[in-house]
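Tertiary structure, described
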Amino acid sequence: LADYAETSKMALEQVEGVKRITIEGAPQKDIVVTVETNKINHLALSIKDIYDLIQAQNLSIPSGAIDTPSGKINITSPSGLEDIGDIENLIVFGSKNNNGLVRLKDIATVDFEYKKNNLSFKQGEDNAILLTVYFDENQNIVLIGEDVRDSIDKLNTQLPDSLNIREVLFQPEEVSKSINNFIINLLEGIAFVVLVVLIGMGL
């Protein structure tokens, strides 16, 4: 369900006038590192050391530049740990005795675990994920809404029969109704004014 939500998000982001899309209710994962204490007992390493190493690797360092005699060289920093493989291959200890490096996967197992008490949604008895589409400011959201609906109709043909898209709130439709009501009220007001003038002044 989360994968289909991401696919739908990417498709809807292509609609001109769509500013951003948020996904809520998708299961969130935590990375769990289980250290085998019997393997670190003979190393000058503690659980706190491993925690600090992982945390330090996941920090984003601002990009900058290196000054050289011939000018500046722009640099970019790594974006941190991106997947389990990056964490497993993290070097946590260097040993001269065994002429090698100890990686995290040598002393621990790394895995994903779903977060508990995560925000979730239901459509009846079925699990659901909420996508919220935000439009650019100063745009005709009625026209953008039509394009969004066209995109959703195309998505429906590509999704499994067991998966359905339901509209919780469609603001362009509400705006369109408000505009139509305003026009009707305006015409009724004009007609009423004309009628009063005709009665007061005659044909």
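Description of the structure in this document. (Residues numbered from 1 in each chain as written. Predicted model: local features only at pLDDT ≥ 70, side-chain atom pairs only at ≥ 80, totals over all residues. Heavy atoms only, no water.)

**Brief notes about the overall build of the protein chain**
Secondary structure summary: the protein chain contains 7 helices and 10 strands in total. Here the protein chain holds 203 residues, and 20% of them are scored as buried. Contacts in the protein chain between residues far apart in sequence, at least 24 positions, make up 66% of those at least 6 positions apart. When the accessible surface of the protein chain is split by element, carbon and sulfur atoms take 52% of a total near 15,400 Å². (Helix = DSSP H or I, 4+ residues; strand = E, 2+ residues; numbered from the N terminus. Buried < 20%, exposed > 50% of the residue type's maximum accessible area, 1.4 Å probe, protein only. Contact = heavy atoms within 4.5 Å. Areas by Shrake-Rupley, 256 points an atom, 1.4 Å probe, with all protein chains shown as cover.)

**Topic: the pattern of salt bridges**
Evaluation of the coordinates by the stated rule reveals 3 salt bridges. In this structure, the salt-bridge partner of glutamate 36 is lysine 39, at a minimum N-O distance of 3.6 Å. Taking the relative accessible area as the measure of exposure, lysine 39 reaches 32% and is therefore partly exposed. With its nearest N and O atoms 2.8 Å apart, the salt bridge here joins aspartate 52 to lysine 48. Here lysine 48 and aspartate 52 lie together in helix α3 (residues 47–57), a separation of 4 residues that amounts to about one turn. (Salt bridge = Lys/Arg side-chain N within 4 Å of Asp/Glu carboxyl O.)

**Examining the packing of helix α6 (residues 141–158) against helix α7 (residues 171–201)**
Direction vectors running N to C along α6 and α7 enclose 140°, while the axes themselves pass 8 Å from each other. Classified by the angle between their axes, α6 and α7 sit oblique to one another. Relative to α7, the crossing made by α6 is left-handed. Side by side, α6 and α7 meet where Ile141, Val142, Gly145 and Arg149 of the first sit next to Gln171, Pro172, Glu173, Val175 and Ser176 of the second. The class makeup of the residues in the contact of α6 with α7 is 4 nonpolar, 3 polar and 2 charged. (Axes fitted to C-alpha atoms, helices over the stretch in contact; angles between N-to-C directions. Parallel < 35°, antiparallel > 145°, perpendicular 65-115°, else oblique. Left-handed = near helix turned anticlockwise from the far one by under 90°. Nonpolar A, V, L, I, M, F, W, Y, C, P; charged D, E, K, R; others polar.)

**Quick word on the packing of aromatic side chains**
If you walk through the whole model with that rule in mind, you get 0 aromatic pairs. If you follow arginine 20 out to its NZ or CZ, it ends over the ring of tyrosine 134, 4.0 Å from the centre. (Phe/Tyr/Trp six-rings, centres within 6.5 Å; stacked < 30°, edge-to-face > 60°. Lys NZ or Arg CZ within 6 Å of the ring centre and 35° of its normal.)

**Some details on the environment of leucine 104**
When you line up the elements, leucine 104 lands in helix α5 (residues 104–107). Measuring from C-alpha to C-alpha, the distance between leucine 104 and glutamate 88 comes to 5.2 Å, with 16 residues separating the pair along the chain. Aside from chain neighbours lying at most four places away, what touches leucine 104 is Val33, Ile50, Ile54, Ile87, Glu88, Leu90, Val92 and Val110.

**Regarding the packing of helix α1 (residues 2–12) against α6**
Viewed as axis vectors pointing N to C, α1 and α6 meet at an angle of 140°, and their least axial separation amounts to 10 Å. Between α1 and α6, the angle falls in the class oblique. Remark: the crossing between α1 and α6 carries right-handed chirality. On α6, the residues touching Ser8, Ala11 and Leu12 of α1 are Val148, Ser151, Ile152 and Leu155. Residues belonging to the contact of α1 with α6 are distributed by class as follows: 5 nonpolar, 2 polar and no charged.

**Some points on the nonpolar core**
Leu45, Ile50, Val92, Leu104 and Ile107 are the most contacted members of the largest nonpolar core, which has 15 residues in total. Taken together, the elements giving at least two residues each to this core come down to α3, α4 (84–88), α5 and β7 (108–114). Ranked by size, the runner-up nonpolar core spans 10 residues in total, among them Val18, Ile141, Ile152 and Leu155. (Core = buried A, V, L, I, M, F, W, Y, C linked by side-chain atoms within 4.5 Å.)

**Quick word on a nonpolar patch on the surface**
A contiguous nonpolar patch, built from Ile179, Phe182, Ile183, Leu186, Leu187, Ile190, Val194 and Leu198 and spanning about 720 Å² of accessible area, is present on the exposed surface. Mapping leucine 198 onto the fold places it in helix α7. Accessibility expressed as a relative area gives 38% for leucine 198, which makes it partly exposed. (Patch = residues over 30% accessible without salt bridge, like charges linked within 9 Å, V, L, I, M, F, W, Y side chains within 5 Å.)

**Notes on the side chain of serine 151**
With respect to the helices, strands and loops of the structure, serine 151 is situated in helix α6. Overall, the relative accessible area of 12% leaves serine 151 in the buried class. Not counting residues within four places of it along the chain, the set of residues in contact with serine 151 comprises Ala11, Leu12 and Val15.

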